[in-house]
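# Secondary and tertiary structure notes
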Amino acid sequence: VQLQASGGGLEQPGGSLRLSCAASGITFSRYGMGWFRQAPGKEREFVAAISYSGGNTNYADSVKGRFTISRANAKNTVYLQMNSLKPEDTAVYYCAAKWNLGTVVDITVRNYTFWGHGTLVTVSS
């Protein structure tokens, strides 16, 4: 199983970035997908998650209204559109997969089975 995250980089406050995560080795359409992040010296935290069908989403309060998670099952890819970026969004962003054919979107780090290597997002002027 591989989850390959990309799209990170350096962006100014107020700017936008779009992260992508391409999955292989799993039946992507049967997995709920999540984005998590870890800043230096902090624990990994939930950012956003989406159900296997894309019909349900959930967001951390800190990103609600600024970030949008979506998925393209035909491309085995999940996305995270990040707008109005803030310095506190600086972190390594990870995508993760969890077998889940239900509508409840899981926000718990330990419940996800497969993880990518992460992509660094730095928000600074």
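Keep in mind that this is a model prediction, so the values were computed, not measured.

A count of helical and extended segments in the chain gives zero helices and eleven strands. Along its sequence from the N terminus, the chain presents helices and strands in the succession β-β-β-β-β-β-β-β-β-β-β. Seen through its C-alpha atoms, the chain measures out along the principal axes to roughly 40 × 25 × 25 Å. Per-residue burial over the chain gives 42% buried out of 125 residues. The contacts of the chain with a sequence gap of at least 6 include a subset with a gap of at least 24, amounting to 60%. Of the roughly 6400 Å² that the chain leaves accessible, carbon and sulfur atoms contribute 46%. Positive and negative side-chain charges in the chain, numbering 12 and 7 respectively, have mean positions lying 9 Å apart.

Right, let's get into the state of the cysteines. Under the definition given, this model contains one disulfide. Here C21 is linked by a disulfide to C95, with a sulfur-sulfur distance of 2.0 Å. Every disulfide takes its handedness from the sign of the S-S torsion; for C21 and C95 that torsion is 55°, giving right-handed. Here the residue C21 occupies a position in strand β3 (residues 17-24), and C95 occupies one in strand β9 (residues 91-99), the gap between them amounting to 74 residues. Note on accessibility: C21 and C95 belong to one class, buried.

Parameters at a glance
- Residues numbered from 1 in each chain as written.
- Predicted model: local features only at pLDDT ≥ 70, side-chain atom pairs only at ≥ 80, totals over all residues.
- Heavy atoms only, no water.
- Helix = DSSP H or I, 4+ residues; strand = E, 2+ residues; numbered from the N terminus.
- Buried < 20%, exposed > 50% of the residue type's maximum accessible area, 1.4 Å probe, protein only.
- Contact = heavy atoms within 4.5 Å.
- Areas by Shrake-Rupley, 256 points an atom, 1.4 Å probe, with all protein chains shown as cover.
- Lys, Arg positive; Asp, Glu negative; His and termini not counted.
- Charge placed at Lys NZ, Arg CZ, Asp CG, Glu CD.
- Disulfide = S-S within 2.5 Å.

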